[in-house]
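The primary structure of each chain is shown beneath.
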Amino acid sequence: CLMCWMAVLRGVETSGKAVYVTSTMPYVFLTILVVRGVTLEGASDGIQFYLFGEVDEAGVHRLSMEKLMGIEVWQKAATQIFYSLGIGFGSLIAFGSYNPRDEDIVLDAVLIPLINSGTSVFAGFAIFSLLGHMAHEQGTTVSEVAGDGGTGLAFIVYPDGLSHLPAATPISICFFLMLFFLGFGSQFPTLEVPITMLKDSGVDVPQEKMTGLICLALFIPGLIMATDAGKYWVD
């Protein structure tokens, strides 16, 4: 709550500086995880599963056309893109309102989704290289190790795999720091929405006080996420 307040304390003047850290550091940690992952024994099995699908009866990786033709996989893909791009949350409009009038928004609208999706593809190599190693160590398939995916993959399966690696502590620290910066970087753009709205509406409250009240108002109900029921409310 305190860090978010500091990031949006003076609007884009402070959040614009914070985004340099929250946008670049995850790439540093992600690159470390990818490099470490692809050097593990069995990583190639996970990468092949990631790129070409499950192994058939002949031992060949084949994409499941049945899944690709179904609506569920595309629904999940669309949901992921909407969340990762922040579409419909108002943050893109709020930040866009600070752009100069001659900003090439068409170029931005092309580059941002490409970078976003490219990052997701790159992150997949970190995830599935480790899953391939875990499958190799356990003598099972990658799909069995991955389970149903979702939040369990990021917060249970992957951290558990990291904990069994040599020098697990620094690699695990990199992973959770990456998640922290990603979460933090998603928080203050969302905070910018009500702040920008209130400022544009002419609300006569000092910026620091208004920002602090909004952060506190969102922090208190957010405490439920730290309870045992947190995963239920996320779902």
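The structure we're discussing is the one just above.
This is a predicted model, so every value here is computed, not measured.

*Asks:* Talk me through the side chain of Ser172; I want residue IDs and the actual numbers.
*Replies:* Looking at the secondary structure, you find Ser172 in helix H10 (residues 168-200). Once residues within four sequence positions are removed from consideration, Ser172 is found in contact with Leu162 and Ser163.

*Asks:* Explain the environment of Thr190 residue by residue, including any values.
*Replies:* Mapped onto the secondary structure, Thr190 falls in helix H10. Among the residues examined, Thr190 registers a relative accessible area of 38% and is labelled partly exposed. As a C-alpha pair, Thr190 and Glu208 span 18 residues in sequence and 17 Å in three-dimensional space.

*Asks:* Can you break down unusual backbone geometry residue by residue, with the values?
*Replies:* Comment: phi is negative for the bulk of residues other than glycine, and the bulk of peptide bonds are trans. Unlike most non-glycine residues, Ala167 shows phi in positive territory, near 55 degrees. With respect to the helices and strands, Ala167 occurs in the loop between helix H9 (151-163) and H10. Taking relative accessible area as the criterion, Ala167 reaches 54% and is therefore assigned exposed.

Conventions used here
Residues numbered from 1 in each chain as written. Predicted model: local features only at pLDDT ≥ 70, side-chain atom pairs only at ≥ 80, totals over all residues. Heavy atoms only, no water. Helix = DSSP H or I, 4+ residues; strand = E, 2+ residues; numbered from the N terminus. Contact = heavy atoms within 4.5 Å. Buried < 20%, exposed > 50% of the residue type's maximum accessible area, 1.4 Å probe, protein only.

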